[in-house]
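Chain by chain, the residues:
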Amino acid sequence: MVLKTPETMPQTPIFSSMLGSSCSGQVQPDMGERCVDPVYQDGNLVSGSLEALIEHLVPTMDYYPDRTYIFTFLLSSRVFIHPHELLAKVGQICIKQKQQLETGTEAEKAKLKSFAAKIIQLLKEWTETFPYDFQDEKSMKELKEIAHRITQCDEENGTVKKIISQMTQNLLMALSARSQYQEIREKFRQPVTDKGTILKTKPQSTQKDILSVCCDPLILAQQLTYIELERVSNIYPEDLMQIVSHMDSLDNHKCRGDVTKTYNLEAYDNWFNCLSMLVATEICRVVKKKQRTRMVEFFIDVARECFNIGNFNSMMAIISGMNLSPVARLKKTWSKVKTAKFDVLEHHMDPSSNFCNYRTALQGAAQRSQTANSNREKIVIPVFNLFIKDIYFLHKIHTNRLPNGQINFKKFWEISRQIHDFLTWKQVECPFEKDKKIQSYLLTAPIYSEEALFIASFESEGPENHMEKDSWKTLRYKALSEHESFCIQARNHQLPFSYFHIQLMAILTQIHLFVLQNSNLKKFNMAWILIQLFQPGQLRLQDHSWDYESEYALFRLSNTVKESTFVAVCRHAFLRGANI
């Protein structure tokens, strides 16, 4: 027996152009004999009861559902029914049809193998597109039950059994891969607590800033795109559908309550925030205005290259970072920046008219991607936050059910169309080679908290009005309090060596504030304070030599005293503390 392959089944490519903006699917054969429930409008299915839509999903001897319908229904069904319950209902319909064929005429019995092939194809599409629906034992049990029944249609040569075995093996491999990825993500999930000025450990390198790692805006934009595509590749349609299924609706009591947390969505959202904060950190941490101006112009060029590539998410993150208050308030710096390019970028990301300019640019990139011959031209990475909001508002504006109780399937056509577009874009293979050095910096470089950004910003350009002066005063007092707490922990040996290095910049910044606040202190008292902090035996730093990062952290505050004297005294203080 030779089973029909997917190519020989009556189906069309997912979301063909006929979908358009009408939120509709392909016209299906007349199913009046099977179910009188689904409602069609202009030949397109727009509503129906859950039972009718399930029947519309299951193949018959002479019918196989369109792939657009399979994708849309399987995606949206989780809002109304658990996957294992849906599998059970599909299994019941399959068994009923199988029994009818077995007790029918000889011609109908001869169609058993064709029927089995269609059922297997449906299960294959389901397990490949939504493998996580089969993560629990109930779903796997229902799948095995259906497979067992269908295998009986071809007991002679066992072809069906072999195909089902391969399908099950592929499913288990997909589930295992996702499980391993989530375990890795879980290990690196950081608690949402403020640990001081620097939130991330500085990489073990001698690089000071991003320009010393990569000074070419195009290359950095390409590496950002590489990271983006890597992140979105781990986002799945069921992850996105949780935006709908977890919201308050009439069907919430039927929604999946055991869904694994959306780690992938969180990780991607965190990446956007980290990139924005990294841009702000790189700008605010630069001491000299000329170099700071160069840093701002560099990121403007990087954002422009991201726009040209089609990486709108990184572009928006960079613009957001430069629009943060600690960066935006640096008027002396911005006065030296050539802002023409930045103005163009802000025009593209203008929020007026629901980001009309951005959506026009996104549409252009999507059209370019459809006719592209190379992966470079196929890249489309939308602003993820806006993409999520679009799905959210589609859900909130349109009800799940119509007044007559039927499911508003027209709504789910549109939601699934948008999700399918995203899935198409995320499958593009990145055409750029990975640069480990640049990506290591982007993913592990120190990121300042919001308070630390303001401190660095005020140090670069002092407060200009009463509001800023009050904010600066509050930040200084808070920094002093944190410094006192840290010293107590340090003297009680409660801080490990690694944490000492992480907090070194924060400590010295706070000491600097203390000296600035007490104008009666002479410059040499700064060195005295450091020596007191690093008294022999107070911190266990033996076996650890002076490193470049420590010197750079100390040098950051060199404006307190003469640079050479300051660094020399601090080096001496550190060496005494290290018992060397």
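Residues numbered from 1 in each chain as written. Predicted model: local features only at pLDDT ≥ 70, side-chain atom pairs only at ≥ 80, totals over all residues. Heavy atoms only, no water.

A. Up close: the overall build of the protein. When helices and strands are tallied, the protein shows 26 helices and 3 strands. When burial is assessed residue by residue, the protein has 51% of its 580 residues classed as buried. Across the protein, the fraction of contacts at a sequence separation of at least 24, relative to all contacts at a separation of at least 6, is 78%. Roughly 28,300 Å² of accessible area belongs to the protein as shown, and the carbon and sulfur atoms make up 53% of that amount. (Helix = DSSP H or I, 4+ residues; strand = E, 2+ residues; numbered from the N terminus. Buried < 20%, exposed > 50% of the residue type's maximum accessible area, 1.4 Å probe, protein only. Contact = heavy atoms within 4.5 Å. Areas by Shrake-Rupley, 256 points an atom, 1.4 Å probe, with all protein chains shown as cover.)

B. Representation of helix 2 (residues 67-76) in the model. Within helix 2, 9 of the 10 residues are buried, which leaves the element mostly enclosed by the surrounding structure. If you check which residues of helix 2 are buried, you get Thr68, Tyr69, Ile70, Phe71, Thr72, Phe73, Leu74, Leu75 and Ser76.

C. Quick peek at the packing of aromatic side chains. A full pass over the atoms with the stated rule returns 18 aromatic pairs. On the numbers, 5.9 Å between centres and 10 degrees between planes, the contact of Tyr69 with Phe73 is stacked. Taken together, the residues Tyr69 and Phe73, both in helix 2 and 4 residues apart, mark about one turn of the helix. With a centroid separation of 5.7 Å and 80 degrees between ring planes, the pair formed by Phe312 and Tyr358 is classed as edge-to-face. Highlighted residues: Phe312 in helix 12 (residues 312-322) and Tyr358 in helix 16 (residues 352-371), separated in sequence by 46 residues. Given the relative accessible area of 2%, Phe312 is considered buried. (Phe/Tyr/Trp six-rings, centres within 6.5 Å; stacked < 30°, edge-to-face > 60°.)

D. Layout of the pattern of salt bridges. One pass over the structure, following the stated rule, counts 13 salt bridges. Ionic pairing is found between Arg67 and Glu125, a salt bridge with its closest N-O pair at 3.5 Å. You can see Arg67 sitting in helix 2 and its partner Glu125 sitting in helix 5 (residues 112-129), a full 58 residues away along the chain. With a relative accessible area of 29%, Arg67 lands in the partly exposed category. Residue Glu125 is classed as buried on the basis of its relative accessible area of 9%. For Glu282, the salt bridge is made with Arg285, and the minimal N-O distance between the two is 3.4 Å. Residue classification places Arg285 among the buried residues on the basis of a relative accessible area of 5%. Connected via shared salt-bridge partners are Glu414, Arg417 and Asp421. (Salt bridge = Lys/Arg side-chain N within 4 Å of Asp/Glu carboxyl O.)

E. Highlighting the side chain of Ser369. In this fold, Ser369 is placed in helix 16. Residue classification places Ser369 among the buried positions, given a relative accessible area of 12%. Aside from chain neighbours lying at most four places away, what touches Ser369 is Glu377, Lys378 and Val380.

F. Spatial organisation of the confidence of the model for the protein. The share of residues in the protein with pLDDT of 70 or more is 67%, and the mean pLDDT across the chain is 75. Scored below 50 in pLDDT, residues 518-528 shows 11 contacts in the model against residues more than four places distant or in partner chains. (pLDDT = per-residue confidence, 0-100.)

G. Focus on the packing of helix 2 against helix 5. Direction vectors running N to C along helix 2 and helix 5 enclose 50 degrees, while the axes themselves pass 11 Å from each other. In terms of orientation, helix 2 and helix 5 fall into the oblique class. As helix 2 runs across helix 5, the sense of the crossing is right-handed. Here Arg67, Ile70, Phe71 and Leu74 of helix 2 lie close against helix 5, whose contacting residues are Leu122, Glu125, Trp126 and Thr129. Counted by class, the contact of helix 2 with helix 5 contains 5 nonpolar, 1 polar and 2 charged residues. (Axes fitted to C-alpha atoms, helices over the stretch in contact; angles between N-to-C directions. Parallel < 35°, antiparallel > 145°, perpendicular 65-115°, else oblique. Left-handed = near helix turned anticlockwise from the far one by under 90°. Nonpolar A, V, L, I, M, F, W, Y, C, P; charged D, E, K, R; others polar.)

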